[in-house]
Amino acid sequence: GKTKYFPEAKIALRFYGNLYFWGSVGYFSTSYGWEGWSNKGVIEADLDGKRVLNKLILSGGLGYYVGFLKKNDISIKIEAGVCRITNTIETTIKKIQSQDIVSVAELKEAGTGLRGSVGLTYGLYKNSVFAELMAGYMFASDKIDDNKIKLGGFQVTLGLGLAF
């Protein structure tokens, strides 16, 4: 797959020592198209296609950190949990000259799986503002027409946070 950048909001609640619950939601939409299929060796050269992908990721789980959230201190964190990934893909094909719609199709892919990550947190201001860098993997899949589709993948997260 291609590299995509998308926003994700996350909240965490410490409940015992260095253990915390976390939850997140991420969403992005991207579109891409093609024009003049004759270049691709297709019979009809007068078509214009556009595909829109909307991806929603809901996650939650348990985390553990080692260190303190103080200015100029680094802590290490590990998170594990579940994720729900939903892709909605809409494809529209139009005639180039008239812009008449030839075809519209929508495909939904969804799966529940596992998510894990490790990272570093760096205190920026007092005990409340921090930056984090995390690397992880999400695994979820769906099956459409006897074909298994992988919905997750490797993820690198760069973020800013507030602690209360």
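For the structure itself, look to the data block above.
The notes below deal with the structure included here. (Residues numbered from 1 in each chain as written. Predicted model: local features only at pLDDT ≥ 70, side-chain atom pairs only at ≥ 80, totals over all residues. Heavy atoms only, no water.)

### Points about the packing of aromatic side chains
As a reminder of what qualifies: Two aromatic rings, drawn from Phe, Tyr or Trp (for Trp, its six-membered ring), form a pair once their centres lie within 6.5 Å of each other, and the interplanar angle then sorts them: stacked below 30 degrees, edge-to-face above 60, tilted otherwise. Going along the chain from the N terminus, every DSSP run of H or I of four or more residues is numbered as a helix, and every run of E of two or more is numbered as a strand. Whether a charge lies above a ring is judged from NZ of Lys or CZ of Arg, which has to be within 6 Å of the ring centre and within 35 degrees of the ring normal.
As enumerated under the stated definition, the model contains two aromatic pairs in all. Consider the rings of Y20 and Y65, whose centres lie 6.2 Å apart with planes at 40°: the pair is tilted. Within this pair, whereas Y20 is found in strand 2 (residues 19-35), its partner Y65 is found in strand 3 (residues 47-66), the two being separated by 45 residues in sequence. Over the ring of W22 we find K10, and its NZ or CZ is 5.4 Å from the ring centre.

### Comments concerning the environment of E132
Counted only if it meets this: Only heavy atoms enter the contact rule, under which two residues are in contact if any of them lie within 4.5 Å.
The topology assignment puts E132 in strand 6 (residues 129-139). Along the primary structure E132 and T157 are separated by 25 residues, whereas in three dimensions their C-alpha atoms are 7.7 Å apart. Every residue in contact with E132, bar those within four places of it in the chain, is listed here: K10, K77, L120, T121, T157, L158 and G159.

### Some details on the environment of A12
Just so we agree on the cut-off: Type-normalised accessible area, obtained with a 1.4 Å probe on protein chains alone, sets the label of each residue: buried when under 20%, exposed when over 50%, and partly exposed for intermediate values.
In this structure, A12 sits in strand 1 (residues 8-16). Residue class for A12 comes out partly exposed when judged on its relative accessible area of 49%. Ignoring sequence-local partners within four residues, the contact set of A12 consists of Y20, F21 and W22.

### Quick word on unusual backbone geometry
Even without glycine at this site, N72 takes up a positive phi of about 70°. Positionally, N72 belongs in the loop between strand 3 and strand 4 (74-95).

### Describing the side chain of S117
Among the secondary structure elements, S117 is positioned in strand 5 (residues 101-125). For S117, a relative accessible area of 14% gives the class buried. When near neighbours in sequence (up to four residues on either side) are disregarded, S117 contacts K77, I78, E79, M134, A135 and G136.

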